Amino acid sequence: MLFRSLLIVMLAVAVIGCGPRALTESDLAFADFEAEWLCDVQRYSYADLSEMDTARADLMVAHGVEAEDYRDFKDLLEEHEELRIRVADTYAATCGV
């Protein structure tokens, strides 16, 4: 019985430890950046993908965002529901959706 209780506690700790990490101020800043970018994509017309890439690069520079950090954020966004909600809420507030 004691072994079973210990096993349950160990599994609970493992599950909790495998969950998404706590969000940082940097994560939240990236979420706000992502929401602004999504708003810009909806707001403007781009002649081709290179114009869109240039616009995103310009916005990244304006926000001090590095490409590698942005890719890491996009990976985190896939696994972190709270972060996706932050992007969606900020997008709605920014774009008036």
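One can find the structure itself at the top, above this paragraph.
Since the structure is predicted, the reported quantities are computational estimates derived from the model, not experimental observations.

## Focus: a negative patch on the surface
- Together, E66, E68, D69, D72, D75, E78 and E79 line one region of the surface with negative charge.
- Position of D75 among the secondary structure elements: in helix α4 (residues 67-79).
- A residue is classified by how much of its surface remains accessible, and D75, at 46% relative accessible area, is partly exposed.

## Concerning the packing of aromatic side chains
- Counted under the stated rule, the structure contains 4 aromatic pairs.
- With a centroid separation of 5.4 Å and an interplanar angle of 85°, the aromatic rings of F33 and Y70 are classed as edge-to-face. Here the residue F33 occupies a position in helix α2 (residues 25-43), and Y70 occupies one in helix α4, the gap between them amounting to 37 residues.
- By relative accessible area, F33 is classed as buried at 1%.
- The buried category is assigned to Y70, whose relative accessible area is 8%.
- Ring centres of Y70 and F73 lie 6.4 Å apart, and the angle between their planes is 25°; on these two criteria the pair is classed as stacked.

Parameters at a glance
- Residues numbered from 1 in each chain as written.
- Predicted model: local features only at pLDDT ≥ 70, side-chain atom pairs only at ≥ 80, totals over all residues.
- Heavy atoms only, no water.
- Patch = residues over 30% accessible without salt bridge, like charges linked within 9 Å, V, L, I, M, F, W, Y side chains within 5 Å.
- Areas by Shrake-Rupley, 256 points an atom, 1.4 Å probe, with all protein chains shown as cover.
- Salt bridge = Lys/Arg side-chain N within 4 Å of Asp/Glu carboxyl O.
- Lys, Arg positive; Asp, Glu negative; His and termini not counted.
- Charge placed at Lys NZ, Arg CZ, Asp CG, Glu CD.
- Helix = DSSP H or I, 4+ residues; strand = E, 2+ residues; numbered from the N terminus.
- Buried < 20%, exposed > 50% of the residue type's maximum accessible area, 1.4 Å probe, protein only.
- Phe/Tyr/Trp six-rings, centres within 6.5 Å; stacked < 30°, edge-to-face > 60°.

In short, shape yes, function no, at least from these values alone.
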